[in-house]
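Below are the chains, spelled out letter by letter.
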Amino acid sequence: MRPSDYLLMSTGSVPPRRTRGAPKRRSSGRAAVVGIIIALLAAVLGLVTTVGVASAYSAYQSFTRDLPSVAGVGNRPLFKTTRVLDRDGNLIYELFDPDKGLRTVVHVGDLPQQMVNAILSVEDSTFYDNPGVEVRGILRALFQDVTSGTIVSGGSTITQQLIRNVLLTPEERTSNTLSRKLKEAVLAVELSRSYTKKQILEMYLNEIYFGNLSYGIATAAHTYFGKDPKDLTLAQCALIAGLPQAPSLYDPFRNLDRAKGRQEEVLDLMVRHGYISPQQAAATKQQPLDFNSPDDDVATNRYPHWSIYVRSVLEDWYDPKDLLGAGLTVYTTLDSRLQDLAQEAVTSRVRDLAAQNATNAALVAIDPRTGEILSMVGSPDFNDDSIDGQVNDAIAPHQPGSSIKPIVYANAFVKGFAPATVVVDEPIAIPDGAQTWRPNNYDDRFRGPMTLREALGNSINIPAVKVLQFVGLPDALDLGKKMGLTSLLDPQQYGPSFVLGGGEVRLVELASAYATLADQGVTTPASPILKVVDGEGRTIYEHKPDPKLVLDPRAAWLITNVLSDNNARLVTFGANSTLRLAGGRPAAAKTGSTDDYRDSWTMGYTPSLVAGVWVGRNDHKPMKLVVGSSGAGKIWNAFMEGALEGQPIEAFPAPPPGVVQATVCATTGFAGTADCPRMVTDWFMKEHLPTIRRPAVAIDRVNGKLAGPNTPYQDIVFQGMNQRVSGEGPFPPTEYSERTGGGWPWDGVIVLSVPTALPSQQNRAASASPVPQNRPPAAVATVPPAAGQRSG
């Protein structure tokens, strides 16, 4: 039997099994150690068995019997870092177990050859020729053992280093005993018999530690140079190759001079082993290294709010063990160009608003066709504790002001209203428990009869309150949830001030709702993740948009038509507001502000891009005269202009089937007559065309009295009378629903115009009681307006 055969028998892939509870057999004494070395040399060199070495095998057999098997080294569990990328594959963040570190697995074939050459030069120049150990090192170990009884120098091969990191215990790795060295050598020889050199080198390069929590050569390349390994220069390869021997000593972030000196040693070794010429080495030593700044290191998180948001989503999907150690690669929807543009717009504009006590802002951009979140900025500065910069205001609840109005108007258009529907802008009083709410307009003015196009475009509050009362709060909330406002609560939690921003929403959700308008009533749930790939390169998740039609496309088109009409907002915003994009690019936009200027919003979109902006303070203190257009509007405009620069101008879609134009009287909302002072042409759903007016009086059928501001819609009936027309129509005045009290802000009976084709109302009128005349106004308490009602 050859000594090499004996070695294979002693350290086979399935080691001898010990009896449970039996103590391990250990070699002891210097003679046994010498015998083991002789046997190892015999195995390595293929010596013929002789009587002189026979006794060595006995000691060798005892030593190797309890060694671990190398069979599982190639498929052992290996913790790997989860890499979070932008949509183009650029690394923006890494998730890892801080008790372990960072690791990205790479194949040898994906490394530059100079990287491999540098590693071999400094760590194991005979790697491709040796059997796992370097024979001279074994002889040196024998001599040192005889003379000093211990190992005083290294000389480990790459294979031995791999064994030390993979199969030895942490205590054994740090010991400097001859026994540990022999164990390494024996296992290294067996590993070389079981795996190819390429496999061993690949395992080694993905295993060793390079400092700064970086395990494996791919992670080292990202940590120190922000590159994939394939993009490293020779100078950078040489620096990385010199780190494993003493990562802390040669850390370039802490001691650049030592790191540079070590790099030059590696280059000299590459010259010695024939990988590069002396001239190449000299020139490379002069090349700049272009390090990552420690502040730019991926571990510090390039886009912190986004990364934390993505992590929270992943934590809902995966077990923490897999998330932190399975080597997932997560492709997010983030567009880094748009993200950088958004961050700059937020930071610079908030700086400009500092004198007006604005300290925070957030921005979210979404592709309305896919629901992909393209950018998310949560604050001007994540690291600024003075503004609570770590709070992600893109997902924090805030009152939206008038930016919520388009959702309510869209519901009204579904139910029959149109942009040319006329309501009266006038003082109203709405009971709220024991008190009465008297909403107001942002400028404390009342304009009388006006179309909904004018009311929504100029963000007039009183018409919006009336529209909500026509729609009904439950239906308005239901549509909002379908459009993306998933955090809305039960209807009992809100009141009529909801349409003015009285309920809190999240910016990312409101942006998703506006994306529904941009995509013609189709909602696609907002998503931050495109694809997840496991550690073996298999795709385990891929974003597939799940569009659902939740709003009549005609209603969505009508809203877009109003919000993109610059003439419809002239009274409030002027001809050249921040809601208008340069070059005539069509854009639909809506602002919002809340009481005492605590919140400033602008939401807007083109056919392919939705962006929403919030400006305010996280301590909820008021700003100074920061309204929607002057605060969030400036950020929105700067972002949209930059994001769409160089892109073709997109027109909004043509009117969908079932939307037609008609001419109406702008003071009544009915088909025009010869005595109408102002006619307008606007868009209608074909089943809700304007009708000829018929005078009628609104009556509360429960008590037979004139319908007051609190009369429920279902209790309003109409009795024809030859009285003047109030100016509201063509629908019943459901905004006046006060059952108790009574009286109106004007004198006389309540008369309105209703369409001739309202059979249910005509049937009700037949059972109505006579109309009481001259009801005195009711006494009502005055309370402050509800929060969130400021417009603009």
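It should be emphasised that the depicted structure is a prediction, and the values quoted were computed from it without experimental measurement.

About the thresholds
- Residues numbered from 1 in each chain as written.
- Predicted model: local features only at pLDDT ≥ 70, side-chain atom pairs only at ≥ 80, totals over all residues.
- Heavy atoms only, no water.
- Helix = DSSP H or I, 4+ residues; strand = E, 2+ residues; numbered from the N terminus.
- Buried < 20%, exposed > 50% of the residue type's maximum accessible area, 1.4 Å probe, protein only.
- Contact = heavy atoms within 4.5 Å.
- Areas by Shrake-Rupley, 256 points an atom, 1.4 Å probe, with all protein chains shown as cover.
- Pairing = 2+ DSSP bridges.
- Axes fitted to C-alpha atoms, helices over the stretch in contact; angles between N-to-C directions.
- Phe/Tyr/Trp six-rings, centres within 6.5 Å; stacked < 30°, edge-to-face > 60°.
- Lys NZ or Arg CZ within 6 Å of the ring centre and 35° of its normal.
- Salt bridge = Lys/Arg side-chain N within 4 Å of Asp/Glu carboxyl O.
- Disulfide = S-S within 2.5 Å.
- Polar contact = N/O pair within 3.5 Å; in protein donor to acceptor, adjacent residues only side chain to side chain.
- Core = buried A, V, L, I, M, F, W, Y, C linked by side-chain atoms within 4.5 Å.
- Left-handed = near helix turned anticlockwise from the far one by under 90°.
- Nonpolar A, V, L, I, M, F, W, Y, C, P; charged D, E, K, R; others polar.
- Expected span 1.5 Å × (residues − 1).

Draft legend 1. Representation of the overall build of the protein chain within the structure. In terms of regular secondary structure, the protein chain is built from 25 helices and 26 strands. A buried classification covers 56% of the 792 residues belonging to the protein chain. Contacts spanning at least 24 positions in sequence make up 73% of the contacts within the protein chain whose residues lie at least 6 apart. A total of about 33,000 Å² of accessible surface is found on the protein chain, and carbon and sulfur atoms cover 51% of it.

Draft legend 2. Layout of unusual backbone geometry. Positive phi, close to 55 degrees, is recorded for Ser-459, a residue that is not glycine. In this fold, Ser-459 is placed in the loop between α18 (452-457) and α19 (461-471).

Draft legend 3. Layout of the sheet that holds strand β7 (residues 373-377). The strand order across the open sheet built from five strands is β7-β6-β20-β19-β18, with neighbouring strands paired in antiparallel fashion. Single-partner strands in this sheet number two, and they are β7 and β18 (588-593). On average, adjacent strands in this sheet sit at an angle of 10 degrees to one another, irrespective of strand direction.

Draft legend 4. Focus on the packing of aromatic side chains. Inspection of the entire model under this criterion finds twelve aromatic pairs. Summarising the aromatic geometry, the rings of Trp-317 and Tyr-318 are spaced 6.2 Å apart at their centres and angled 75 degrees between planes, so their arrangement reads as edge-to-face. Each ring, one from Tyr-494 and one from Phe-498, has its centre 5.6 Å from the other, and the planes form 70 degrees; the classification is edge-to-face. Judged by relative accessible area, which is 15%, Tyr-494 ranks as buried. A cation over a ring is seen here: Lys-197 above Phe-127, with NZ or CZ 4.6 Å from the ring centre. The aromatic ring of Tyr-331 is capped on one face by Lys-531, whose charged end is 4.9 Å from the ring centroid.

Draft legend 5. Up close: the sheet that holds strand β16 (residues 539-542). Reading across the sheet, the five strands line up as β2-β1-β5-β15-β16 and stay open at both edges, with mixed pairing between neighbours. What marks the edges here is a single partner per strand, and that holds for β2 (91-95) and β16. Averaged over all adjacent pairs, the angle separating strand axes in this sheet is 15 degrees, with direction ignored.

Draft legend 6. Layout of the pairing of β18. By the criterion of burial, β18 is predominantly enclosed, with six of the six residues buried. Where burial is concerned, the two faces of β18 agree: the one with Ala-588, Lys-590 and Gly-592 and the one with Ala-589, Thr-591 and Ser-593 are both buried. As judged from the six bridges shared by β18 and strand β19 (residues 599-605), these two strands associate in the antiparallel manner. When the sheet's bridge partners are listed, Ser-593 is paired in β19 with Ser-600. The loop that links β18 with its antiparallel partner β19 comprises five residues; one of these, Asp-596, has a positive phi angle of about 60 degrees.

Draft legend 7. Structural view of the pairing of strand β1 (residues 82-85). In β1, alternate side chains face the same way, and those of Thr-82 and Val-84 on one face and Arg-83 and Leu-85 on the other are all buried. Of the strand pairs in this sheet, β1 and β2 are connected by four bridges, and their pairing is antiparallel. Within β2, the residue paired with Leu-85 across the bridge is Leu-91. In textbook terms, the turn of a hairpin is the stretch between consecutive antiparallel strands, and for β1 and β2 this stretch comprises five residues, one of which, Gly-89, has a positive phi near 90 degrees. The pairing of β1 with strand β5 (residues 329-332) spans three bridges and is classified as parallel. The residue of β5 that forms the bridge with Leu-85 is Tyr-331.

Draft legend 8. Broad picture of the pattern of salt bridges. With the rule as written, the count across this model stands at 21 salt bridges. Salt-bridge contacts for Glu-509 lead to Arg-506; the nearest nitrogen and oxygen are separated by 4.0 Å. Here Glu-509 falls in the buried class, since its relative accessible area comes to 9%. Shared partners join several salt bridges into a network, and the residues in it are Asp-425, Asp-443, Arg-445 and Arg-447.

Draft legend 9. Main features of the state of the cysteines. Inspection of every chain in the model, using the stated rule, returns one disulfide. Linked covalently through their sulfurs, Cys-665 and Cys-676 form a disulfide whose S-S length is 2.0 Å. Residues Cys-665 and Cys-676 share a disulfide whose torsion about the S-S bond is about 95 degrees; that sign makes it right-handed. Of this pair, Cys-665 sits in strand β21 (residues 659-665) while Cys-676 sits in the loop between β21 and β22 (679-685), placing them eleven residues apart in sequence. Summarising the burial analysis for this pair, Cys-665 and Cys-676 share the class buried.

Draft legend 10. Examining the side chain of Ser-403 more closely. The residue Ser-403 is located in the loop between β8 (397-398) and α17 (405-414) in this model. A distance of 2.6 Å separates a polar atom in the side chain of Ser-403 from the backbone oxygen of Pro-400.

Draft legend 11. Molecular detail of the nonpolar core. One finds Trp-306, Val-364, Phe-498, Leu-510, Ile-559 and Tyr-605 to be the most contacted residues of the largest nonpolar core, which totals 86 residues. Considering each element in turn, this core owes the most residues, nine residues, to helix α21 (residues 507-518). The residues touching Trp-306, leaving out its near neighbours within four places in the chain, are Ile-92, Thr-332, Thr-333, Leu-334, Ile-373, Met-376 and Pro-528. Listed in part, the 55 residues of the second largest apolar core include Ile-119, Leu-162, Ala-188 and Ala-281.

Draft legend 12. Examining the packing of helix α4 (residues 113-123) against helix α11 (residues 234-241) more closely. The geometry of α4 relative to α11 is characterised by a closest axis approach of 9 Å and an angle of 35 degrees between their N-to-C directions. Considering how the two elements wind past one another, α4 and α11 form a crossing that is right-handed. Contacts from Gln-114, Met-115, Ala-118, Ile-119, Val-122 and Glu-123 in α4 reach Leu-234, Cys-237, Ala-238, Ile-240 and Ala-241 in α11. Among the residues forming the contact of α4 with α11, the class breakdown is nine nonpolar, one polar and one charged.

Draft legend 13. α21, seen in detail. Helix length check: α21, at twelve residues, gives a terminal C-alpha distance of 16 Å against a target of 16 Å (1.5 Å per residue), a fit within 8%. By the criterion of burial, α21 is predominantly enclosed, with twelve of the twelve residues buried. Listed as buried for α21 are Leu-507, Val-508, Glu-509, Leu-510, Ala-511, Ser-512, Ala-513, Tyr-514, Ala-515, Thr-516, Leu-517 and Ala-518. Backbone geometry just after α21 places Gln-520 at a positive phi near 60 degrees.

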